[in-house]
Amino acid sequence: MMDIREEVMSDISNVRWKQLHGRLGDLVYQFTKIHFTQSHGAQTWAPPVNAYKCEHGFAICVDIAGVKKEEINLKVEPRRIQLGGVRETPEPKGKGEEPIQIVAMEIDSGIFSREISLPTDVEPEAVRAEYKEGFLWIYLPFRTQA
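Basis of the calculations
The residue numbering used here restarts from 1 in each chain and proceeds along that chain's sequence as written. Residues qualify for local features only when their pLDDT is at least 70, as the model is predicted, and side-chain atom pairs are given and counted only at 80 or more; totals for whole chains, interfaces and linings, by contrast, use all residues. Hydrogens and water molecules were not included; the side-chain quantities draw on all heavy atoms of the structure. The criterion for strand pairing is that DSSP finds at least two bridges linking the strands in question. In DSSP terms, a helix is any run of H or I states spanning at least four residues, a strand is any run of E spanning at least two, and both are numbered starting from the N terminus. Between the N-to-C directions of two axes lies an angle of 0 to 180 degrees, each axis being a line fitted to C-alpha atoms and, for a helix, fitted only over the stretch in contact. Here a polar contact is recorded for every N or O atom pair within 3.5 Å, except that within protein the pair must consist of a potential hydrogen donor and a potential acceptor, and residues adjacent in sequence are included only if both atoms are side-chain atoms. Contacts are assigned to residue pairs with any non-hydrogen atoms lying within 4.5 Å of each other.

### Structural notes on the sheet that holds strand β6 (residues 128-132)
Taken in spatial order, the four strands of this open sheet run β1-β2-β7-β6, and their pairing is antiparallel. Of all strands in the sheet, those with a lone pairing partner are β1 (49-53) and β6, marking the two edges. Direction aside, the axes of adjacent strands within the sheet are offset by 15 degrees on average. With five bridges connecting them, β6 and strand β7 (residues 135-141) associate as antiparallel partners. For Arg128, the partnering residue across the bridge sits in β7 and is Tyr139.

Below, the structure is given as structure tokens:
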């Protein structure tokens, strides 16, 4: 049978163990967060998209801020859009502003790819696209019946 002193010591030991375990968990989280973030650039990511059906076709908005126009590849088929390209990791580059440690890195970079299936045929030859303020707008007119 355990006396009260042994029971209290056991409870204190359990509390200390839980605190240590919590701190260790925090350290592991921080380490892996930075580790995976640094290697993220080699992975393919998919930019977020808003798609709208309008009176004469579809309007697609793709969030690809920081991507150079020449790095965007767009392929349109009657019922599918394929979008791809590359975004460099945004980093400070001024004199005396070079990073010495990554604190947080949430902006996707590297190769991106996105495929959008359309419910209705569009006219691939009549597609219009414009890139402004970090958004790629793609306008896809419906295919007319001949």
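### Structural notes on the sheet that holds strand β3 (residues 72-77)
With respect to topology, three strands assemble into an open sheet ordered β3-β4-β5, the strand pairing being antiparallel. Two strands in the sheet have a free side with no partner beyond their single neighbour: β3 and β5 (110-117). Going from strand to strand, the sheet's axes swing by 10 degrees on average, the running direction of each strand aside. The pairing of strand β4 (residues 80-87) with β5 spans eight bridges and is classified as antiparallel. Within the sheet, the bridge partner assigned to Gly85 lies in β5 and is Phe112.

### So, the side chain of Arg87
Checked against the element boundaries, Arg87 lands in strand β4. Among the polar contacts made by the side chain of Arg87, one reaches the main-chain carbonyl oxygen of Asp108 at a distance of 2.8 Å. Residues in contact with Arg87, not counting those within four places in the same chain, are Trp45, Ile64, Ala65, Gly66, Val67, Ile107, Asp108, Ser109, Gly110 and Phe112.

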